[in-house]
Amino acid sequence: MSTAAAAELTKVTPTNRIFRSAPCSRWPLIAPSILSADFGNMERDCRTVLGDGTSGGADLLHLDVMDGHFVPNLTMGPDMCKGVRKAFPHTPLDVHLMVAKPEMYVEPFAKAGADHFTFHIEVHQGQAAIELARRVRAAGMTVGIAVNPPTPIDPVLEIASHFDMVLVMSVNPGFSGQSFIEPVLEKTRRARAALGPDQRVEMDGGINQSNASKVREAGCDILVAATALFGLPVADRLRGVAALRGS
Ligand code: DX5
Ligand code: ZN
């Protein structure tokens, strides 16, 4: 590996530090998925969950990228990421690639201002996944590996040392508004036990104010929620964030 590539591996920007640092007093972190935001008023809607930065709002924004192949839905791409980055220069952007060829989008999302890039173990396993993780880090982002509900966690844990985050899916990906699949909590417990303190465990799908305590107790560091936040009246959303956090 060249010296320049090695330096890139340790590059930590102010915003992506959140994915790589040890837990802080705000734990767990709350990541609204903008999939359920109003696409015609994206900036305004994101502000309703982020607050003013001092009022306990959400910690990051989660961008669900779907290609109509890996999942039966089409959502957003790097241009949406670029727009959100422009509106929120300091908010960590967590991009979740539910696509058949994530390798095509590493540099486009890095250029669009993404901090973190998660792809699925169902798409790349073993050495191929490790190689892609290196490419993501070389592009200046932290990297995550996601696992769908029917897929075992073991192949993820075998390569987890090469990743900053493991994302345990608690619905079959494709759409927001589905019901939480409770047995996946066991995968979260196993991931938390296997990972180090500077690695994150994220859960995504069907998380709401009623089941969030189980998700937190299983050791999840980052709770993603679309419907449970953007489905609330605007005036209730910051309280919705606090309820997910358990504060
Ligand atoms: C699942 C996506 C999720 C989804 C979450 O396909 O990866 O991020 O938007 O939506 P809710 O919170 O409504 O289940
Ligand atoms: Zn997601």
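Refer to the preceding data block for the structure.
Note that the coordinates shown come from a computational prediction; the quantities given were computed from them, not determined experimentally.

Caption draft 1: Representation of the pattern of salt bridges. Under the criterion given, the structure shown has 14 salt bridges. In this structure, Arg47 and Glu43 form a salt bridge, with 2.6 Å as the shortest nitrogen-oxygen distance. Placement of both Arg47 and Glu43 in helix H2 (residues 42-50) is noted, with a separation of 4 residues, approximately one turn of the helix. Among the residues examined, Arg47 registers a relative accessible area of 41% and is labelled partly exposed. Arg85 is the salt-bridge partner of Asp115, the closest N and O atoms lying 2.7 Å from each other. Of this pair, Asp115 sits in the loop between helix H4 (106-111) and strand E4 (116-120) while Arg85 sits in helix H3 (residues 78-87); the two residues are 30 residues apart in sequence, bridging distant segments of the chain. On the accessibility criterion, Asp115 (4% relative accessible area) is buried. Bridged by salt links that share partners, the residues Arg192, Arg200 and Asp221 form one connected network.

Caption draft 2: Structural context of the site of ligand 1. Ligand 1 sits among 20 residues. The nearest are Asp64, Gly174, Asp204, Gly206 and Thr227. Within the side chain of Thr227, one N or O atom sits 2.5 Å away from an oxygen atom of ligand 1. Within the complex, 99% of the 380 Å² of free accessible area of ligand 1 lies under protein. Among the secondary structure elements, those contributing two or more residues to the shell around ligand 1 are strand E2 (61-66), strand E3 (93-98) and strand E8 (222-225). Ranked by residues supplied to the shell around ligand 1, first place goes to E2 with 3 residues. Of the residues that constitute the shell around ligand 1, the class distribution is 9 nonpolar, 9 polar and 2 charged.

Caption draft 3: Summary view of the coordination of the zinc ion (ligand 2). Around the zinc ion (ligand 2), the protein contributes the donor atoms His62 (NE2), Asp64 (OD), His96 (ND1) and Asp204 (OD), which lie 2.0 to 2.3 Å from the metal centre. Around the zinc ion (ligand 2) sit 6 donor atoms; with metal-centred angles ranging over 66 to 166°, the donor geometry is octahedral. Within one chain, the residues donating to the zinc ion (ligand 2) are spaced in sequence as H-x1-D-x31-H-x107-D. Of the two residues, Asp64 is situated in strand E2 and His96 in strand E3; the sequence distance between them amounts to 32 residues. Like Asp64, the residue His96 is buried in the burial classification.

Caption draft 4: Looking closely at the environment of Ile30. Counting through the fold element by element, Ile30 comes out in strand E1 (residues 29-32). Using a relative accessible area of 0% as the deciding quantity, one classes Ile30 as buried. On a C-alpha basis, the gap between Ile30 and Val49 in space is 9.6 Å, while along the polypeptide they are 19 residues apart. Contact partners of Ile30, with chain neighbours within four places excluded, come to Ala58, Asp59, Leu60, Leu223, Leu229, Val241, Leu244 and Arg245.

Caption draft 5: Structural detail: the side chain of His120. Positionally, His120 belongs in strand E4. Polar side-chain contacts of His120 include one of 2.9 Å to the side chain of His96. The residues touching His120, leaving out its near neighbours within four places in the chain, are Phe70, His96, Leu97, Met98, Ile145, Ala146, Val147, Asn148, Met169 and Pro173.

Caption draft 6: How the structure looks around the sheet that holds E8. With parallel pairing, 8 strands are arranged side by side in an open sheet as E1-E8-E7-E6-E5-E4-E3-E2. Each edge of the open sheet carries a strand with a single partner, namely E1 and E2. Taking the axes of each pair of neighbouring strands and ignoring which way they run, one obtains an average angle of 25° across the sheet. For strand E7 (residues 200-204) and E8, the ladder comprises 3 bridges, and the chain directions are parallel. By the bridge assignment, Asp204 is partnered in E8 with Val224.

Caption draft 7: Main features of helix H7 (residues 185-194). Taken as a whole, H7 has its buried residues at Leu185, Lys187, Thr188, Ala191 and Arg192. Each buried residue of H7 sits inside an arc of 150° when the element is viewed along its axis, so together they form one side. For H7, the secondary structure elements touched by its buried residues are strand E5 (142-147), helix H6 (154-159), strand E6 (165-169), E7 and helix H8 (212-217).

The rules we used
- Residues numbered from 1 in each chain as written.
- Chains lettered and ligands numbered in written order.
- Predicted model: local features only at pLDDT ≥ 70, side-chain atom pairs only at ≥ 80, totals over all residues.
- Heavy atoms only, no water.
- Salt bridge = Lys/Arg side-chain N within 4 Å of Asp/Glu carboxyl O.
- Helix = DSSP H or I, 4+ residues; strand = E, 2+ residues; numbered from the N terminus.
- Buried < 20%, exposed > 50% of the residue type's maximum accessible area, 1.4 Å probe, protein only.
- Near = heavy atom within 4 Å.
- Polar contact = N/O pair within 3.5 Å; in protein donor to acceptor, adjacent residues only side chain to side chain.
- Areas by Shrake-Rupley, 256 points an atom, 1.4 Å probe, with all protein chains shown as cover.
- Nonpolar A, V, L, I, M, F, W, Y, C, P; charged D, E, K, R; others polar.
- Donors = N, O, S within 2.8 Å, 3.2 Å for Na, K, Ca; no water.
- Tetrahedral: all angles 85-135°; square planar, octahedral: opposite > 155°, others 65-115°.
- Contact = heavy atoms within 4.5 Å.
- Pairing = 2+ DSSP bridges.
- Axes fitted to C-alpha atoms, helices over the stretch in contact; angles between N-to-C directions.
- Arc of directions from axis to C-beta.

No statement about biological role is implied by the geometric values presented.
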